[in-house]
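Chain residues, written in single-letter form:
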Amino acid sequence: MIINEELVKEAVKKHGSSRAALIPVLQELVAGKNYLSDLDMVEVAREMNLSAADVYGTATFYSFLDTRPRGKYVIRVCKTISCSMKGKNAILATIEETLKIKLGETTADRKFSLLETNCIGWCHKAPAILINDEPYTELTPKKVTEVLREYIKQ
Amino acid sequence: MSKIPVQRVDLIFEKITCKEIFEKVLQSKPEEIIQSVIDSGLKGRGGAGFPTGLKWQFAAREKGADKYIVCNADEGEPGTFKDREILDEVPEKVFCGMAIASLAIGAKIGYIYLRGEYKFLVPKLENKLAEFQQLMQDLGHDFRIELRLGSGAYICGEESALFESIEGRRGEPRNKPPYPTKSGLFHKPTCINNVETLVYTVMIQKYGAMHFRELGTKDSRGSKVFSVSGDTPTAGIYELELGMSVREFVDVFGDGDTKAVQVGGAAGFCVPRKRFDETIIGFEGVPTGGSMKLFNSSRSMYNVLHNYLDFFAEESCGQCTPCRVGCQQLLKGIEAVKKGEKSHKYLDELVKLAATMKIAAKCGLGQSVGNAFSSIVENFKEEIIY
Ligand SMILES: Cc1cc2nc3c(=O)[nH]c(=O)nc-3n(C[C@H](O)[C@H](O)[C@H](O)COP(=O)(O)O)c2cc1C
Ligand code: SF4
């Protein structure tokens, strides 16, 4: 399991070690390495003087604080009603086909993970997805393929 | 767009100079600011609709110097996307509203809790925030705003869960009372308002309480930003006067085949065609945080309800049994009826369960699951069963 003590130290230095800094610290780690390993959380607990169970319990409450290995680009497909009405399944199928992974999986090169998520606030431009922090809206199978192609190139 | 009984308004997105307004407000006493908000009749735009002026008054009356202003930008209700647009288009007006609130209640620190799904807004917000901070300094008002991000938990829009989250914990709602104005963020007196509410307080200072009060109805003063989506040719964000009927709304936004409108998101109510005329969109009828979702006759209301229940089952914080177990049971229940494993009479049992959740659940999430559940099941029973 990968642990990154340097990243943890930097994050705690930046946000401080008060309890209120815990979520910003965890968010920083996820932004940097895409997920929190058990050892990361133990390290955060030590740096912030908390119990590891407390850090784990807090992290696992939040769906964006992944505690399972994820790819460099996490794709979250909105599955709430508007997107679901406006063709979410076709978008999901296209992504699965293009990346050769199923929902919940990560590509072998650790570049992409594919997840579903609840309403991301683009119902008027459904269907929508997030790739890391970036929203993509009014998608069609063709459009999402083009978006993915750009990421694959990177 | 048609001849409109549905009156368009332009307050929220109007470009204004916050400096002038804030300079004017700085000359006022806190009681005067609060009175103007009370006089305007403004109620919270985040869904619950508590009178904003009263909330400010309660917070102002609390003793002590440690008080907080919190801007609720968690916007997680399915079908709501107007706060994102407000923060994107007129962020300085949101900051200005927080600063006015800080004058009114005597707070030095404000927090904006922005949902993680809107993280792409952060660079822009930080830039605008730096400018605003400079303005505060130039005008000599001691008030600082911090930006915090959510991480994909709908429940953190509930005010006490939001406080827990800022404090670095799981976003589990607290018992109420005490209410936030007495014991909120860091257990200090806190005034928490929705993004849109805060912007209205700015416009009330600009144009006066009466200007706002003259819009809308006795129970629902003013205007509101609506997020319109679903089966409509004109999905988008619209600021409209309150007090229209669902019929008037559908005449403007429908696709000619609207069979139901879900008002207020997954936590709101489903209004079927036969009730369009009599149902007022506002606090006297069906309240809404702005989510208006139209469904035409091609849609299965079973699928709609299933989608909402799946949402709630996932987003329930799991802290209290009626909601944790109730959400799962409602979901399993309609699946069983659909498959014919349970008779249609079982739906009556499920409606009773939803009613129990309304009484027994700890927070607004569990309490409101029954809104959509009962209004969909009662009006579209055949679609749920067959
Ligand atoms: C489950 C749940 C989710 C909520 N989500 C939000 C939200 O995303 N934004 C919001 O402003 N209020 C939300 N609220 C309402 C808040 O608890 C609170 O009433 C509101 O922020 C107060 O601001 P207002 O008076 O200006 O509306 C939510 C309530 C519940 C029960
Ligand atoms: S009602 Fe649901 S969301 Fe609210 S405290 Fe109970 S379990 Fe948590």
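So, how was this worked out
- The residue numbers shown here count from 1 along each chain, following its written sequence.
- Chain letters and ligand numbers both follow the written order, the letters beginning at A and the numbers at 1.
- Residues qualify for local features only when their pLDDT is at least 70, as the model is predicted, and side-chain atom pairs are given and counted only at 80 or more; totals for whole chains, interfaces and linings, by contrast, use all residues.
- The side-chain numbers reported here are obtained from all heavy atoms of the structure, hydrogens and water having been left aside.
- In this description a helix means any DSSP run of H or I spanning at least four residues, a strand means any run of E spanning at least two, and both kinds are numbered starting from the N terminus.
- The buried label applies to any residue whose accessible area, calculated with a 1.4 Å probe on protein chains only, is under 20% of its type's maximum; exposed applies above 50%, and partly exposed to all values in between.
- Residue contacts follow a heavy-atom distance rule, with two residues in contact if any of their heavy atoms lie within 4.5 Å.
- We get accessible surface area from the Shrake-Rupley algorithm with a probe of 1.4 Å; when it comes to residues, only the shown protein chains can shield them.
- When charges are counted, Lys and Arg contribute as positive and Asp and Glu as negative, whereas His and the chain ends are disregarded.
- Throughout, a charge is located at the NZ atom of Lys, the CZ atom of Arg, the CG atom of Asp or the CD atom of Glu.
- Residue proximity to a molecule or strand is established when one non-hydrogen atom of the residue lies within 4 Å of it.
- A cavity here means a set of points on a 1 Å grid, drawn over the protein atoms and nothing else, where a 1.4 Å probe fits but cannot get out; a pocket is an open set with protein on both sides within 12 Å along at least five of seven lines, and a residue lines either one if it has an atom within 4 Å of a point.
- Cavity and pocket membership follows a simple rule, namely that a molecule belongs there if more than half of its atoms are within 2 Å of the grid points.
- All residues other than Ala, Val, Leu, Ile, Met, Phe, Trp, Tyr, Cys, Pro, Asp, Glu, Lys and Arg, Gly among them, are scored as polar; the first ten of these are nonpolar and the last four charged.
- Residue ranges assigned to the domains are those given by an automatic or database domain assignment.
- Summed over both partners, the accessible area (1.4 Å probe) lost when two parts come together is defined as the buried area.
- We define a salt bridge as a side-chain nitrogen of Lys or Arg found within 4 Å of a carboxyl oxygen belonging to Asp or Glu.
- Counted as a polar contact is a pair of N or O atoms within 3.5 Å, where, for protein atoms, one must be capable of donating a hydrogen and the other of accepting one, and residues adjacent in sequence contribute only when both atoms are in side chains.

**Quick word on the overall build of chain A**
The number of helices and strands found in chain A is 7 helices and 4 strands. Starting at the N terminus, the α and β elements of chain A follow one another as α-α-α-α-β-α-α-β-β-β-α. Along the first, second and third principal axes, the C-alpha atoms of chain A reach 50 × 30 × 25 Å. Counting all 154 residues of chain A, 54% fall into the buried class. Of the contacts made within chain A by residues no fewer than 6 positions apart, 63% connect residues no fewer than 24 positions apart. Taken as a whole, chain A presents about 7000 Å² of accessible surface, with 50% of it coming from carbon and sulfur. Distance from the positive charge centre (22 side chains) to the negative charge centre (20 side chains) of chain A: 5 Å.

**Remarks on the site of ligand 2**
All names here are of chain B. C317, Q319, C320, C323 and C363 are the nearest of the 13 residues found near ligand 2. More than half of the atoms of ligand 2 fall within 2 Å of the grid points belonging to the largest cavity. Partitioning the shell around ligand 2 into residue classes produces 8 nonpolar, 4 polar and 1 charged.

**Quick word on the domain arrangement of chain B**
Residues and elements named next belong to chain B. Along its sequence, chain B is organised into domain 1 (18–213) and domain 2 (301–385). Relative to domain 2, the C-alpha centre of domain 1 lies at a distance of 33 Å. Tallying the contact residues gives 11 residues for domain 1 and 8 residues for domain 2. When the two sides are added together, the surface that domain 1 and domain 2 hide from each other amounts to roughly 850 Å², 68% of it contributed by carbon and sulfur. On the domain 1 side of the contact with domain 2, Y154, I155 and P173 bury the most area, a combined 52% of that side's loss. Our enumeration of links across domain 1 and domain 2 arrives at 0 salt bridges. The interface formed by domain 1 and domain 2 contains 3 residue pairs in polar contact (both at pLDDT 80 or more). Considered class by class, the residues forming the side of domain 1 that touches domain 2 number 5 nonpolar, 3 polar and 3 charged.

**With respect to the site of ligand 1**
Residue and element names in this part refer to chain B. Taken together, 20 residues form the shell around ligand 1, and within it G46, N72, N193, N194 and T197 come nearest. One of the side-chain nitrogen or oxygen atoms of N193 is found 2.9 Å away from an oxygen atom of ligand 1. In isolation ligand 1 offers 600 Å² of accessible surface; the protein chains occlude 89% of this area. A molecule is said to occupy a pocket when more than half its atoms come within 2 Å of that pocket's grid points, and by this definition ligand 1 occupies the largest pocket. Of all the elements in the fold, those that place two or more residues in the shell around ligand 1 are β4 (190–194) and α14 (364–379). Element by element, the count of residues in the shell around ligand 1 is highest for β4, at 3 residues. Class assignment for the residues of the shell around ligand 1 results in 5 nonpolar, 9 polar and 6 charged.

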